[in-house]
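# Descriptive analysis of the structure
Residues per chain are reported as follows:
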Amino acid sequence: MATYTVHEPPVSESDRVDRAVELAFVKDGFSWLTAIFPPLGFIANGLWLMAIAYLAGTGLLSYVLAQAKIDPDWIGLIIFMINIYLGFEISTLKRWMLDQKGWQMLGVVNGRSIAECERRFLESWLPGQPVIQSDTPNGSGKAATGSSGGRFWPFGAGA
């Protein structure tokens, strides 16, 4: 079973269906990509600054330990342990970055796949969300009209 946390962007004044599309599902668990090569794992998760910080931090740590005459095997082991730790904590870092950007955590969902988790979450979340009424009369879903009374075509002249 996979576990995901669900996050919503800070400004969401659109319809509930549009809000549902904007939700971010962050998988909880170990990341092999991050454990093997953390900068690539960070970039794959959209954490560019973390990738730069990792490269700078491990480079500085390696330099300091080498200047302290620590055996290179021990330096490699220390970097390896940091990489394994980051493999476990990549989802926490991603959640923290979303929180820093103002995203709100809506809940946690479990399932066999991301599709099942999305379905489960949306089945319980969507009914409780308000529906924004359309600007068209009686909510008929017809196209909006411009000031000339004709159809409004948002991407250029229409037929």
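Quick caveat: nothing in here was measured; it's all calculated off a predicted structure. Residue numbering note: each chain is counted from 1, following its sequence as written. Confidence filtering applies because this is a predicted model: local features only for residues at pLDDT of at least 70, side-chain atom pairs given and counted only at 80 or more, and all residues used for totals across whole chains, interfaces and linings. Hydrogens and water are ignored here; the side-chain numbers use all heavy atoms of the structure.

### Some thoughts on the overall build of the protein
Which entries qualify depends on this criterion: Secondary structure is summarised from DSSP: a helix means a run of H or I of at least four residues, a strand means a run of E of at least two, and numbering begins at the N terminus for each. Burial status follows relative accessibility: with a 1.4 Å probe on protein chains alone, a residue under 20% of its type maximum counts as buried, one over 50% as exposed, and anything between as partly exposed. Here, Shrake-Rupley sampling with a 1.4 Å probe gives the accessible areas, and only protein chains in the shown set may cover a residue.
Per the secondary structure count, the protein includes six helices and three strands. Secondary structure elements in the protein, listed N-terminal to C-terminal, are β-α-β-α-α-α-α-β-α. Evaluated residue by residue, the protein yields a buried proportion of 30% over its 159 residues. Approximately 10900 Å² of the protein is accessible, and the part contributed by carbon and sulfur atoms is 62%.

### Some words on the layout of surface pockets
To be explicit about the condition: The definitions used throughout rest on a 1 Å grid laid over the protein atoms alone, on which a cavity is an enclosed set of points accommodating a 1.4 Å probe that cannot get out and a pocket is an open set flanked by protein within 12 Å on both sides along at least five of seven lines; lining residues are those having an atom within 4 Å of a point. Grid points are joined across faces, edges and corners, and a volume is the space filled by probe spheres set on the points. Residues are sorted three ways: Asp, Glu, Lys and Arg are charged, Ala, Val, Leu, Ile, Met, Phe, Trp, Tyr, Cys and Pro are nonpolar, and all the rest, Gly among them, are polar.
Taken as a whole, the largest pocket spans an internal volume of roughly 170 Å³. Every residue along the wall of the largest pocket is listed here: Phe 25, Val 26, Lys 27, Asp 28, Gly 29, Phe 30, Ser 31, Asn 45, Ile 90, Ser 91 and Lys 94. For the lining of the largest pocket, the secondary structure elements donating two or more residues are β2 (24-28) and α5 (72-100). Here the element with the most residues in the lining of the largest pocket is β2; it accounts for four residues. Within the lining of the largest pocket, the residues separate by chemical class into four nonpolar, four polar and three charged.

### Observations concerning the pattern of salt bridges
How we decide: Salt bridge, as used here, is a side-chain nitrogen of Lys or Arg placed within 4 Å of a carboxyl oxygen of Asp or Glu.
Counted by the stated rule, this structure contains four salt bridges. Ionic pairing is found between Asp 28 and Arg 95, a salt bridge with its closest N-O pair at 3.2 Å. One end of the pair, Asp 28, is in strand β2; the other, Arg 95, is in helix α5, and 67 residues separate them in sequence. Residue classification places Arg 95 among the buried positions, given a relative accessible area of 16%. In this structure, Glu 116 engages Arg 120 in a salt bridge whose closest nitrogen and oxygen atoms are separated by 2.9 Å. On the criterion of helical spacing, the pair formed by Glu 116 and Arg 120 is a turn pair, its members being four residues apart in helix α6 (residues 114-125). For Glu 116, a relative accessible area of 17% corresponds to the buried category.

### Some words on the packing of aromatic side chains
What counts, and what does not: In this scheme Phe, Tyr and Trp rings, the latter by its six-membered ring, pair at centre separations within 6.5 Å, and the angle between planes marks the pair as stacked below 30 degrees, edge-to-face above 60, and tilted otherwise.
By the definition in use, this model includes five aromatic pairs. With centroids separated by 5.0 Å and ring planes inclined at 85°, the aromatic side chains of Phe 30 and Trp 32 adopt a geometry described as edge-to-face. Using a relative accessible area of 30% as the deciding quantity, one classes Phe 30 as partly exposed.

### Here we look at helix α4 (residues 48-67)
Basically, it comes down to this: Residue count minus one, scaled by 1.5 Å, sets the expected span of a helix. What makes two residues a contact is simply this: any of their non-hydrogen atoms within 4.5 Å.
Its 20 residues give α4 an end-to-end C-alpha distance of 29 Å, which sits within 8% of 28 Å, the value for a rise of 1.5 Å per residue. Lining the buried residues of α4 we find α3 (38-44) and α5. Following α4 by one or two positions, Lys 69 adopts a phi angle in the positive range, close to 60°.

### Quick word on a nonpolar patch on the surface
This is how it is decided: Exposure above 30% relative accessible area and the lack of any salt bridge qualify a residue for a patch; like charges then connect within 9 Å, and the nonpolar side chains Val, Leu, Ile, Met, Phe, Trp and Tyr within 5 Å.
A cluster of nonpolar side chains, Phe 30, Trp 32, Leu 33, Ile 36, Phe 37, Leu 40 and Phe 88, forms an exposed patch at the surface whose accessible area comes to about 760 Å². Considering each element in turn, the nonpolar patch owes the most residues, three residues, to helix α2 (residues 32-36). Note that Phe 30 resides in the loop between β2 and α2.

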